[in-house]
Amino acid sequence: MECFRTGVGVNNMAVRVVAILSLLLEDMEDTEDDNFGDDEAVVAFIAASIVREERVRIQSYTEQIVPHYLLDDFKRFFRVSRSTFEILYENISAYGDLAPGWTGGREPIPIDKQLLMMLWYVSSHETLNRIADRFNVTESSMVRTRDRLFSVFIEHLKEKNIFWPQGNDKADIIRGFARKANFPDVVGAIDGTHIKIKAPSQHPESYVNRKGFHSIILQAVCREDMRIIHVVAGWPGSCHDARVLRNCDLWDEGPARCGDAHIIGDTAYPIRKWLLTPYRNNGHLSHQQQRYNTALSTTRVTVERAFGMFKGPFSRPQCVDTRLKQLLIW
């Protein structure tokens, strides 16, 4: 692995400090010449103390280093297995968004490298320039790659992989849920989770959730194996789960989608024929009602596990930059 260093310019804040001090010195008309010389020395000392930051770029990381990672090392760094990576690569390679024609100058970034860059981005809290240095690209290329891949996932792959089950698939889900706690006719489990965000510039108070931090809400319905079949994201963290549900397409389409089956949720949601929730524990529940609650809770925990699987490997979604909000309103 080869590395090389590149200067990135003088720190802007330090430049401003020197400039302000210089202007102050120019305005000191009543300062004696010998003292003025001393002040000039101060400015010179500050200017000389500004060290150009050096960044280390890694050459041939994806070409020479990544192919030699053991399976466990690959998953530890990129948070997906090699087989999952190959499936993702095959899915995104079909779209021309990631393979613009070369018109001379810098060669386009290979699609597999773009995918590795995006996976590293969502799996860490490293800054964009650090990730760019690791993959030996410019920071602007890193930003464009991230945004292109996000667009491909949302515009092309979302509907391909997140869809409401039909026919035999729906029957398989019902049987899968029934095996968990013998709760019948469940086609999905619904819940909401909070994605931490930086405070937005407009109406930041609307995004403060009940736990006291800024967030947006991701509402999901998952099947028995934790695959998501419906998702809505982007509502401010102060919104109630029931409000998010009432303002999405599932609220109107739920009866038709579920048919004779139903989805299950916690007490935050209103009870409907197609949406079952637990009995509220007022201290006087019958034995039968307690058994019902236990079976529903045991079955519904699937969606909580799905959120844990989503948030666990990928640290970036745990604190989203609100400048990306146009990519989050699904």
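Whatever comes next refers back to the structure up there.
Here's a quick rundown of the structure. (Residues numbered from 1 in each chain as written. Predicted model: local features only at pLDDT ≥ 70, side-chain atom pairs only at ≥ 80, totals over all residues. Heavy atoms only, no water.)

**So, the overall build of the chain**
Next, step 1: From N to C terminus, the chain includes 12 helices and 7 strands.
Next, step 2: When burial is assessed residue by residue, the chain has 40% of its 330 residues classed as buried.
Next, step 3: Sequence-distant contacts, at least 24 apart, represent 62% of the contacts inside the chain between residues at least 6 apart.
Next, step 4: In the form shown here, the chain has an accessible surface area of approximately 19300 Å², with 52% of it arising from carbon and sulfur atoms. (Helix = DSSP H or I, 4+ residues; strand = E, 2+ residues; numbered from the N terminus. Buried < 20%, exposed > 50% of the residue type's maximum accessible area, 1.4 Å probe, protein only. Contact = heavy atoms within 4.5 Å. Areas by Shrake-Rupley, 256 points an atom, 1.4 Å probe, with all protein chains shown as cover.)

**Let's talk about the pairing of strand β4 (residues 215–222)**
Next, step 1: Burial analysis of β4 places 8 of its 8 residues in the buried class, the great majority of the element.
Next, step 2: What you see with β4 is no split at all: Ser215, Ile217, Gln219 and Val221 on one side and Ile216, Leu218, Ala220 and Cys222 on the other are buried throughout.
Next, step 3: Bridge count for strand β3 (residues 186–196) against β4 is 8 bridges, and the pairing is antiparallel. Residue Asp191 lies in a different strand from β4, and its bridge partner there is Ala220.
Next, step 4: Where β4 and strand β5 (residues 228–236) come together, 7 bridges link them in antiparallel fashion. Residue pairing for β5: Leu218 is matched across the bridge by Ala233.
Next, step 5: The hairpin turn running from β4 into β5, its antiparallel successor, is 5 residues long, and Met226 in that turn takes a positive phi close to 75°. (Pairing = 2+ DSSP bridges.)

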